[in-house]
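Geometric and topological summary
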Amino acid sequence: MNLSTEQLKREGEIAVKGFLNMDIDPSLDLFDEIRKLKKEKNAVVLAHYYQDPDIQDIADFVGDSLQLSQEAARTKADMIAFAGVHFMAETAKILSPEKKVVIPDLKAGCSLSDSCPASLFAKFKEKYPDHVVVSYVNCTAELKALTDICCTSSNAVFVVNSIPKDQGIIFAPDKNLGAYIEKVTGRKMILWNGACMVHEIFSKEKMTKLKLRHPEAKIIAHPECEAPVLEMADYIGSTSGLLKFVQTDSSQSFIVATESGILHQMQLKCPDKTFIPAPPNNLCACNECPHMKRNTLEKLYLCMKYELPEITIPDQIIKQARKSIDRMMEISARAGLK
Ligand code: 13P
Ligand code: SF4
């Protein structure tokens, strides 16, 4: 039976519903229990920078999505517990098809990845038969399988520059990252109209006011933000890029325009510096990703204990998707990037 990722997701949801609702003994020390499970099951725990501090602290690796999947692939673990969102766990599975990959909450999706369903994209792509497809890794395994070259927000400019100038490019799924790459490379691309709900919410007006209150603070932003926010930034980079920047830059304070989970690692790495979350344009002043925050320590414990919900991807999709990631890695290696 050749089930699509969507179908598998639904099957998995039914299977795990029971144990997700299970009560956990409140006297359990979940840190200890997770440590025990790691040993017992020869498992590694991965946490994206946007996870809650507790989850970051118990993880074996904390990082951006691709970096985490690469780290896990290099280990001899039998099981990967990916505290992140669905597309990230899929990438881990693509890079480690022989390992079992579990995720604390199967409903931890992503507005950006969801904005580009593979079936619609396949039709869109037919309109541009001579174009090369470059996709940001923040997309489903099925979209990766329709992609020629993947990219991350760190290597996107190198990937696009590696393509001959007269070659047309479709860029998916993030229109903001796409527009940023167009600006830096001077290349025109066909952009899929997708976006991340967290990075689109930052308000230029509120950031201008905040900057007036903290004139010494540098503004740093993720390229998934909209152009008016990026224009205010002193530095633009991926989550790993932002983290590196605050450690090497001489400034003492930063206004950070990305999901606020990253502040935990920034504060750990630079305890004497000040990090101010950029203000979003909403009333609750929250710039947390609701998908990332579905994961909790309890759900991490349960997914490791019951080895569910598991990420499964049809072999053919793994094979095709892997090619687009490998092409990106070749280009990154040629450019001297990690
Ligand atoms: P990176 O960690 O790859 O920069 O991606 C940011 C993001 O929004 C992940 O969900
Ligand atoms: Fe998706 Fe944006 Fe959340 Fe990242 S922050 S998982 S891109 S919705």
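Here the structure is shown first, and the text comes after it.
First, a word on scope: everything that follows refers to the structure included in this document. Here, residues in each chain are numbered from 1, in the same order as that chain's written sequence. To read the labels, note that chains go from A and ligands from 1, taken in the order they are written. Predicted model: local features are reported for residues with pLDDT of at least 70 only, side-chain atom pairs are reported and counted for 80 or more only, and whole-chain, interface and lining totals are derived from all residues. Heavy atoms throughout the structure, all of them, feed into the side-chain values; hydrogens and water do not.

On to the nonpolar core. Joining through side-chain atoms within 4.5 Å is the link that ties buried Ala, Val, Leu, Ile, Met, Phe, Trp, Tyr and Cys residues into a set, and such a set is a nonpolar core. Each residue is assigned to one of three classes by its accessible area relative to the maximum for its type, calculated with a 1.4 Å probe on protein chains only: buried under 20%, partly exposed between the two thresholds, exposed over 50%. The biggest cluster of nonpolar side chains holds 63 residues, and the ones touching the most others in it are Val 134, Phe 171, Ile 220, Val 256, Met 266, Phe 275 and Met 328. Every helix listed is a DSSP run of H or I at least four residues long, and every strand listed is a run of E at least two residues long, numbered separately from the N terminus. Looking at this core element by element, the count peaks at six residues for helix 5 (residues 86-95). Residue contacts follow a heavy-atom distance rule, with two residues in contact if any of their heavy atoms lie within 4.5 Å. For Met 266, the residues in contact, after removing those within four places along its chain, are Ile 220, Leu 242, Leu 243, Val 246, Val 256 and Phe 275. Core analysis: the second largest hydrophobic core is formed by 19 residues, Leu 30, Ala 43, Ala 59 and Leu 302 among them.

This paragraph deals with the environment of Met 292. Its location among the elements puts Met 292 in the loop between strand 12 (274-277) and helix 15 (297-306). Met 292 gets classed as buried once you look at its relative accessible area, which sits at 3%. For the pair Met 292 and Lys 41, spaced 251 residues apart in the sequence, the C-alpha separation amounts to 24 Å. Residues within four places of Met 292 in sequence aside, it is in contact with His 48, Tyr 50, Gln 51, Gly 84, Val 85 and Met 88.

Let's shift gears to the site of ligand 2. Lining the immediate environment of ligand 2, one finds Tyr 50, Val 85, Cys 110, Ser 111, Asn 138, Cys 196, Val 198, Glu 224, Cys 289, His 291 and Met 292. The class makeup of the residues in the shell around ligand 2 is seven nonpolar, three polar and one charged. The criterion for a residue being near a molecule or strand is simple. One of its heavy atoms has to lie within 4 Å of it. Note on residue categories: nonpolar means Ala, Val, Leu, Ile, Met, Phe, Trp, Tyr, Cys or Pro, charged means Asp, Glu, Lys or Arg, and polar means any other residue, Gly included.

Our focus in this paragraph is the site of ligand 1. In the region of ligand 1, 13 residues are neighbours, and His 48, Asp 64, His 222, Glu 224 and Thr 239 sit closest. Thr 239 places a side-chain nitrogen or oxygen 2.5 Å from an oxygen atom of ligand 1. Accessible surface area values rest on a Shrake-Rupley calculation with a 1.4 Å probe, where residue burial reflects the displayed protein chains alone. Across the complex, the protein chains shield 94% of the 300 Å² of accessible surface that ligand 1 would expose by itself. Taken together, the residues of the shell around ligand 1 sort by class into four nonpolar, seven polar and two charged. Two N or O atoms count as a polar contact when they lie within 3.5 Å, although within protein this holds only if one can serve as hydrogen donor and the other as acceptor, and sequence-adjacent residues are included solely when both atoms are side-chain atoms.

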